[in-house]
Amino acid sequence: MSGDIEDKPQPLIEHLMELRTRLIWSIGAFFVAFIACFFFAKHLFNYLVIPYKTAVEWAHLDVEKAQLIYTAPQEFFFTQVKVAMFGGLVVAFPIIAAQVYKFVAPGLYKNERQAFLPFLIASPVLFLMGAALVYFFFTPMVMWFFLSMQQAPGHDEVAISLMPKVSEYLSLIMTLVFSFGLVFQLPVITTLLARVGLLTSQWLAEKRKFAIVLAFVVAAVLTPPDPMSQIGLALPTILLYEISIHAARLVERQRARQALEKDTESADVAKTDSV
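Only a predicted model underlies this, so the values are computations on that prediction, with no experimental measurement involved.

Quick notes on unusual backbone geometry
Working step 1: In this structure, His-60 takes a positive phi of about 60° despite not being glycine.
Working step 2: As for its placement among the helices and strands, His-60 is situated in the loop between α2 (41–58) and α3 (75–104).
Working step 3: Under the relative-accessibility criterion, His-60 is labelled exposed at 75%.

Take a look at the structure:
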């Protein structure tokens with residue numbers, strides 16, 4: 001990828017032209033992916049409903065009677081548009097990321113490009129891991145929690161049933177996917193900051209108690225107002241914070257080893273020159 005990137009100074013007008021080209025490619029990729037996803041929007045939404053069906057099974061309810069509703073004529077149409085936008089962004093992300101890299105790469109040294117590429121690969125992988133956790137476990141668990149609050153009709157009780165709206169269900173699952181996807185970027189961000197020397201593993205370890213409090217605060221802001229969602233996001237965040245500390249330590253060890261090798265080479269050169 002870096003072979004066709006020119007590593008030379010460019011005037012401002014060329015930077016703007018390069019930015020325009022990258023934006024055109026990114027927007028074009030998203031638009032094509034959006035059109036394709038809108039054509040299959042209903043099928044994509046049916047895939048997103050699978051966690052809800054799983055929750056219905058966990059609640060020992062009849063899956064055949066599980067349904068989603070919409071109360072406004074245009075609601076399901078705009079829900080399909082949101083599904084297409086969500087799917088288009090996911091499908092076009094590799095192209096968008098490549099365009100971002102091609103725009104940024106000319107301003108980086110060769111070793112910086114080599115250090116940046118693994119993070120460019122790790123970021124979408126971690127995002128997909130967070131999204132998979134939401135899809136296969138967390139959303140079914142949250143929906144099972146809500147379904148368990150239903151009330152069967154009785155002598156002194158009326159029937160209270162959950163019938164989620166298509167727009168509200170989509171908003172819930174998209175919020176959870178983006179929340180977990182962003183939280184799973186924590187090791188990437190902290191490793192990058194540690195690599196450039198802005199963070200240290202010791203500092204991260206010392207701020208652990210503040211990070212735990214912040215994890216619950218962020219979870220309360222990003223997730224729906226129920227304890228299951230908040231705890232479910234806070235606990236992985238704390239775990240990822242611990243992983244970030246170990247990742248920063250690995251970066252520091254690597255930098256120390258490289259510095260030692262460089263000092264050894266300098267000492268050998270100096271000894272050779274003296275001889």
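Next comes the rest of the account.
As for the side chain of Ser-179
Working step 1: On the secondary structure map, Ser-179 appears in helix α5 (residues 166–183).
Working step 2: For Ser-179, the contacting residues outside a window of four places in its chain are Leu-222 and Leu-233.

Comments concerning the nonpolar core
Working step 1: If you look at the biggest cluster of nonpolar residues, it comprises 34 residues, and the most contacted ones within it are Phe-45, Tyr-52, Tyr-169, Leu-170 and Ile-173.
Working step 2: Sort the elements by how many residues they give to this core and α5 lands first, with 10 residues.
Working step 3: Sequence-distant contacts of Tyr-52, that is, excluding residues within four places in its chain, are made with Ala-66, Gln-67, Leu-68, Met-143, Leu-147, Leu-162, Pro-164 and Tyr-169.
Working step 4: Of all hydrophobic cores here, the second largest spans eight residues; its members include Leu-204, Ala-211, Tyr-241 and Ile-245.

With respect to the packing of α2 against α3
Working step 1: Interaxial distance between α2 and α3 falls to 9 Å at its minimum, and their mutual angle equals 85°. When the interaxial angle is binned, α2 and α3 end up roughly perpendicular. Across the interface between the two elements, Ala-41, Lys-42, Leu-44, Phe-45 and Leu-48 of α2 pack against Phe-76, Thr-79, Gln-80 and Val-83 of α3.
Working step 2: Here the residues of the contact of α2 with α3 are counted per class, giving six nonpolar, two polar and one charged.

Brief notes about helix α6 (residues 186–195)
Working step 1: Among the residues of α6, those classed as buried are Pro-187, Val-188, Thr-190, Thr-191 and Ala-194.
Working step 2: Gly-197 occupies a position one or two residues after α6 and carries a positive phi of about 85°.

Section: the UniProt feature "transmembrane region" (unreviewed entry) in the protein chain
Working step 1: Under the present numbering, the feature "transmembrane region" (unreviewed entry) in UniProt falls on residues 23–41, 83–104, 116–138 and 172–198.
Working step 2: Summarising residues 23–41: 95% helix, 0% strand, and an end-to-end C-alpha distance of 25 Å.
Working step 3: Structurally, residues 116–138 comprises 100% helix and 0% strand, and the distance from its first C-alpha atom to its last is 31 Å.

What about the side chain of Thr-237?
Working step 1: With respect to the helices, strands and loops of the structure, Thr-237 is situated in helix α9 (residues 227–274).
Working step 2: Accessibility expressed as a relative area gives 14% for Thr-237, which makes it buried.

A few points about α2
Working step 1: With 18 residues, α2 ought to run about 26 Å at 1.5 Å a step, and its terminal C-alpha atoms sit 27 Å apart, in line with that.
Working step 2: Where α2 bends most, the angle comes to about 30°, and this point is Val-49, followed within four residues by the proline Pro-51.
Working step 3: Taken together, the buried positions of α2 are Ala-41, Phe-45, Leu-48, Val-49, Pro-51, Tyr-52, Ala-55 and Val-56.
Working step 4: Once α2 ends, the next one or two residues include His-60, with phi positive near 60°.

Quick look at a nonpolar patch on the surface
Working step 1: Together, Leu-12, Ile-13, Leu-16, Met-17, Leu-19, Leu-23, Ile-27, Val-100, Phe-103 and Val-104 make up an exposed nonpolar region whose accessible area comes to about 910 Å².
Working step 2: Only α1 (12–39) and α3 provide two or more residues apiece to the nonpolar patch.
Working step 3: If you tally residues by element for the nonpolar patch, the top one is α1, at seven residues.
Working step 4: Assignment of secondary structure puts Ile-27 in helix α1.
Working step 5: For Ile-27, a relative accessible area of 56% puts it in the exposed group.

Quick notes on the environment of Ser-171
Working step 1: As for its placement among the helices and strands, Ser-171 is situated in helix α5.
Working step 2: On the basis of relative accessible area, Ser-171 is assigned to the partly exposed category, the value being 33%.
Working step 3: Along the backbone, Ser-171 and Lys-82 are 89 residues apart, and their C-alpha atoms lie at a distance of 9.1 Å.
Working step 4: Within polar-contact distance, the side chain of Ser-171 engages the backbone oxygen of Ser-167 at 2.9 Å.

Some words on the pattern of salt bridges
Working step 1: Scanning the model with the defined rule gives three salt bridges in all.
Working step 2: For Glu-75, the salt bridge goes to Lys-165, with nearest N and O atoms at 4.0 Å. With Glu-75 in helix α3 and Lys-165 in the loop between α4 (110–147) and α5, this pair connects stretches of sequence that are 90 residues apart.
Working step 3: A residue is classified by how much of its surface remains accessible, and Glu-75, at 9% relative accessible area, is buried.
Working step 4: The partner of Glu-242 in a salt bridge is Arg-208, and the shortest N-O contact between them spans 2.6 Å. In this pair, Glu-242 is assigned in helix α9 and Arg-208 in helix α8 (residues 208–222), connecting sequence segments 34 residues apart.

Cut-offs and rules
Residues numbered from 1 in each chain as written. Predicted model: local features only at pLDDT ≥ 70, side-chain atom pairs only at ≥ 80, totals over all residues. Heavy atoms only, no water. Helix = DSSP H or I, 4+ residues; strand = E, 2+ residues; numbered from the N terminus. Buried < 20%, exposed > 50% of the residue type's maximum accessible area, 1.4 Å probe, protein only. Contact = heavy atoms within 4.5 Å. Core = buried A, V, L, I, M, F, W, Y, C linked by side-chain atoms within 4.5 Å. Axes fitted to C-alpha atoms, helices over the stretch in contact; angles between N-to-C directions. Parallel < 35°, antiparallel > 145°, perpendicular 65-115°, else oblique. Nonpolar A, V, L, I, M, F, W, Y, C, P; charged D, E, K, R; others polar. UniProt positions renumbered as here; feature names shortened; annotations may be inferred. Expected span 1.5 Å × (residues − 1). Bend = angle between axes of the 7 residues up to and from the residue. Patch = residues over 30% accessible without salt bridge, like charges linked within 9 Å, V, L, I, M, F, W, Y side chains within 5 Å. Areas by Shrake-Rupley, 256 points an atom, 1.4 Å probe, with all protein chains shown as cover. Salt bridge = Lys/Arg side-chain N within 4 Å of Asp/Glu carboxyl O. Polar contact = N/O pair within 3.5 Å; in protein donor to acceptor, adjacent residues only side chain to side chain.

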